[in-house]
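Structural characterization, general
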Amino acid sequence: MNKPLLLAVLAAAVLGGIYVVTRPGTSAQDTTTSAVAEPAEGDPLVTVTLPQTLSDQAQMGERGFNAVCADCHGENAQGKMGFGPPLVHKIYEPSHHADMAFQLAVQNGVTAHHWKFGNMPPQEGLTGADVQAITAYVRELQRANGIE
């Protein structure tokens, strides 16, 4: 067989394979297994393991979280499809989003940058101590789920 033709066919096959694996909207997993269905509107986005106990401050934070944050961030900060991201997620680990980031988010709101839920508006009626307690609750949930 003609050597240049063989090389051209081989190159086309390799490039075609690379395209199939790396094209936008797919992953290597998509090419070998069927796609997993996206959660329905309002469904939790992650599964959260609850700690056996919460500190006193985290217990107060849980009440504040349930009153102000859970409508968007879901029960136990597991996120809520179509509403808000899970806070029990590696993105919100302390080394990436320090505790002060929670204070600033509540005070100023947040422009969407990690997720496609839209911007978070500032939250009215929470004191700095309220946000500290809510943050303690989220951090204890994170630790119980291996996020340090």
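Within any chain, residue numbers begin from 1 and follow the written order of that chain's sequence. It should be noted that, the model being predicted, local features are given only for residues of pLDDT at least 70 and side-chain atom pairs only at 80 or more, the latter also being counted only at that level, while totals for whole chains, interfaces and linings use all residues. Side-chain calculation: all heavy atoms of the structure are included, whereas hydrogens and water are not.

A short note on the overall build of the protein
The helix and strand tally for the protein stands at four helices and zero strands. Secondary structure elements follow DSSP: runs of H or I no shorter than four residues count as helices, runs of E no shorter than two count as strands, and numbering proceeds from the N terminus. Going from the N terminus to the C terminus, the protein shows its helices and strands as α-α-α-α. Relative accessibility thresholds used throughout: buried, under 20% of the residue-type maximum; exposed, over 50%; partly exposed, between the two (1.4 Å probe, protein chains only). In the protein, which comprises 148 residues, the proportion classed as buried is 26%. Put simply, 64% of the contacts in the protein that link residues at least 6 apart link residues at least 24 apart. The protein chains shown are the only cover counted for residues, whose accessible areas, like all others here, come from Shrake-Rupley with a 1.4 Å probe. When the accessible surface of the protein is totalled, it reaches about 9,700 Å², and 58% of it is carbon and sulfur. The contact definition used throughout considers only heavy atoms, calling two residues in contact when any of these lie within 4.5 Å.

Describing the pattern of salt bridges
A pair is scored as a salt bridge if a Lys or Arg side-chain nitrogen falls within 4 Å of a carboxyl oxygen belonging to Asp or Glu. Considering all chains together, one arrives at two salt bridges under this definition. Among the ionic pairs, Glu 93 bridges to Lys 90, the shortest N-O distance being 3.4 Å. For Glu 93, a relative accessible area of 16% translates into the label buried.

Side note on the packing of helix α3 (residues 99-108) against helix α4 (residues 128-144)
As a rule, the C-alpha atoms of each element are fitted with a line to give its axis, helices using only the stretch in contact, and angles between N-to-C directions run from 0 to 180 degrees. Two numbers describe how α3 lies on α4: the axes approach to 10 Å, and their chain directions differ by 130°. Between α3 and α4, the interaxial angle falls into the category oblique. Judged by the twist between their axes, the crossing of α3 over α4 is right-handed. Residues Asp 99, Phe 102, Gln 103 and Val 106 of α3 form the contact with α4, whose participating residues are Gly 128, Val 131, Gln 132, Thr 135, Val 138 and Arg 139. All residues other than Ala, Val, Leu, Ile, Met, Phe, Trp, Tyr, Cys, Pro, Asp, Glu, Lys and Arg, Gly among them, are scored as polar; the first ten of these are nonpolar and the last four charged. Looking at the contact of α3 with α4, its residues break down into four nonpolar, four polar and two charged. Oblique is the label for every angle not falling under 35 degrees (roughly parallel), over 145 degrees (roughly antiparallel), or within 65 to 115 degrees (roughly perpendicular). Each crossing is labelled by how the near helix is turned from the far one, with a counterclockwise turn of less than a right angle marking it left-handed and a clockwise turn marking it right-handed.

Some points on the packing of aromatic side chains
Centres within 6.5 Å are what make two rings of Phe, Tyr or Trp a pair, Trp counting through its six-membered ring; a difference in plane orientation under 30 degrees is then read as stacked, over 60 as edge-to-face, and the rest as tilted. Scanning the entire structure with this criterion turns up two aromatic pairs. Aromatic pair Phe 65 and Tyr 137: ring centres 5.6 Å apart, planes at 55°, arrangement tilted. On the criterion of sequence distance, the pair formed by Phe 65 in helix α2 (residues 56-73) and Tyr 137 in helix α4 is long-range, its members being 72 residues apart. Among the residues examined, Phe 65 registers a relative accessible area of 0% and is labelled buried. Ring plane angle 40° and centroid distance 6.2 Å describe the contact between Trp 115 and Phe 117, whose orientation is recorded as tilted. Our definition puts a charge over a ring when NZ of Lys or CZ of Arg is within 6 Å of the ring centre and also within 35 degrees of the ring normal. When the ring centre of Phe 83 is taken as origin, the NZ or CZ atom of Lys 80, which lies over that ring, is 5.0 Å away.

A closer look at the nonpolar core
Formed by 17 residues in total, the largest nonpolar core has its most connected members in Phe 65, Ala 77, Leu 87, Val 88, Tyr 137, Val 138 and Leu 141. For this core, the elements supplying multiple residues, two or more each, are α2, α3 and α4. In terms of residue count, α4 provides more of this core than any other element does, five residues in total. Non-local contacts of Phe 65, meaning those with residues more than four positions away in its chain, are made with Ala 70, His 73, Gly 74, Asn 76, Ala 77, Leu 87, Ile 134, Tyr 137 and Val 138. The definition of a nonpolar core used throughout is a set of buried Ala, Val, Leu, Ile, Met, Phe, Trp, Tyr and Cys residues joined through side-chain atoms within 4.5 Å.

Describing unusual backbone geometry
Glycine aside, residues mostly have negative phi, and peptide bonds are mostly found in the trans state. For Asn 76, which is not a glycine, the phi torsion comes out positive at approximately 55°. By the secondary structure assignment, Asn 76 is in the loop between α2 and α3.

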